[in-house]
Amino acid sequence: MKRKINLIAFFLFYLSCTANIYAQKDNIEDYSNASYLTINTLSSLNTFSPRWRAGYIKNINDKWKIGLDIGYGIRNLSFSGFGDKIGNDYQLWEIRPELYYILKPERKTKKYFSIELFYINHTDVFFHEHYISKNKEYLSYNKANFKRYKYGFHLKYGFIIYSKKRLGFNLYSGLGLKIRNVIFSKVINPKIDLDYSERDMVIFDEYKGIEGSNFGVNLTLGFKLYYRL
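All values derive from a computational prediction rather than experimental measurement.

Section: the overall build of the protein
Here's step 1: Check the secondary structure of the protein and you find one helix and 11 strands.
Here's step 2: Sequence-ordered secondary structure for the protein, helices as α and strands as β, is α-β-β-β-β-β-β-β-β-β-β-β.
Here's step 3: The buried share of the protein, reckoned over its 229 residues, is 44%.
Here's step 4: As presented, the protein carries roughly 12,700 Å² of accessible surface, and 60% of it is formed by carbon and sulfur atoms.

See the structure below:
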């Protein structure tokens, strides 16, 4: 948790330094009422659950905007999900509605707070792996169907960085809460693995090895390209 907070603090400091370069008060051109098409440049590079995520941010008035991001990923569209990170049957889709509050709409670079809701549906088929069952048994198996649901919300702080061109950048960081539910089904040849222990698990992909529900803190960091309409 402490590492997550330090990472967010560093990222927010970086965002502030970057935004101050562009956030000038003189209004050469007014983009307060702009809407945007966006593409998330980091989601496709995610090693454990890669997907392409695109969105639309619609202007309501000077202070408020609403947005919707939709993501989809399969192995053949992935740049980073190779080896044992994802299987051949990997599939993920997600939906993320968001409400933006613009802090100083008269500025060219838009600083904002937002609240984002998210829902993720992730399925795959794993071979010759192991997991912790709901009964806290350490099981190995030959093959199993994997399903993960994840939903929650983020409170975010970000910048829609001014550009004289229609193309520009949106950077953000945030923290929220998540509920994750993992289900293993059609498990072939499950066996209790006495040599396996919880400390053997890699923290970054622990969702692949723990069955059941989990509630906790969720970190989000992002970098989007936008096209101003």
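Quick look at the environment of Ala34
Here's step 1: With respect to the helices and strands, the residue Ala34 is situated in the loop between helix 1 (2-22) and strand 1 (36-40).
Here's step 2: Residues within four places of Ala34 in sequence aside, it is in contact with Asn59, Lys65 and Arg228.

Here we look at the sheet that holds strand 7 (residues 138-140)
Here's step 1: If you trace the three strands from one edge of the open sheet to the other, you get 6-7-10, paired in antiparallel fashion. A single partner strand is all that each edge strand has here, and the edge strands are strand 6 (130-132) and strand 10 (191-192).

Considering the sheet that holds strand 8 (residues 143-161)
Here's step 1: Pairing is antiparallel around the closed barrel formed by eight strands, whose spatial order is 1-2-3-4-5-8-9-11. Adjacent strand axes in the sheet meet at a mean angle of 25 degrees when their direction is disregarded.
Here's step 2: Of the pairings in the sheet, the one linking strand 3 (residues 64-74) to strand 4 (residues 91-102) comprises 11 bridges and is antiparallel in character. Paired with Asp69 across the bridge in strand 4 is Arg96.

Cut-offs and rules
Here the residue numbering is sequential within each chain, running from 1 through the sequence in written order. Restriction of local features to residues with pLDDT of at least 70 applies here, the model being predicted, together with a cutoff of 80 or more for giving and counting side-chain atom pairs; totals for whole chains, interfaces and linings are based on all residues. Based on all heavy atoms of the structure, the side-chain values leave hydrogens and waters out of the count. Note on conventions: DSSP H or I runs of at least 4 residues are helices, E runs of at least 2 residues are strands, and numbering of each starts at the N terminus. Three labels apply to residues, based on accessible area from a 1.4 Å probe with only protein chains included: buried if under 20% of the type maximum, exposed if over 50%, partly exposed otherwise in between. Values of accessible area rely on a 1.4 Å probe in the Shrake-Rupley scheme; residue burial ignores everything except the protein chains shown. Whether two residues are in contact is decided by their heavy atoms, any of which lying within 4.5 Å being enough. Strand pairing requires that DSSP identify at least two bridges connecting the strands. Where helices are involved, their axes are fitted lines through C-alpha atoms of the stretch in contact, as for all axes, and angles between N-to-C directions lie from 0 to 180°.

The values are spatial; any link to function lies outside them.
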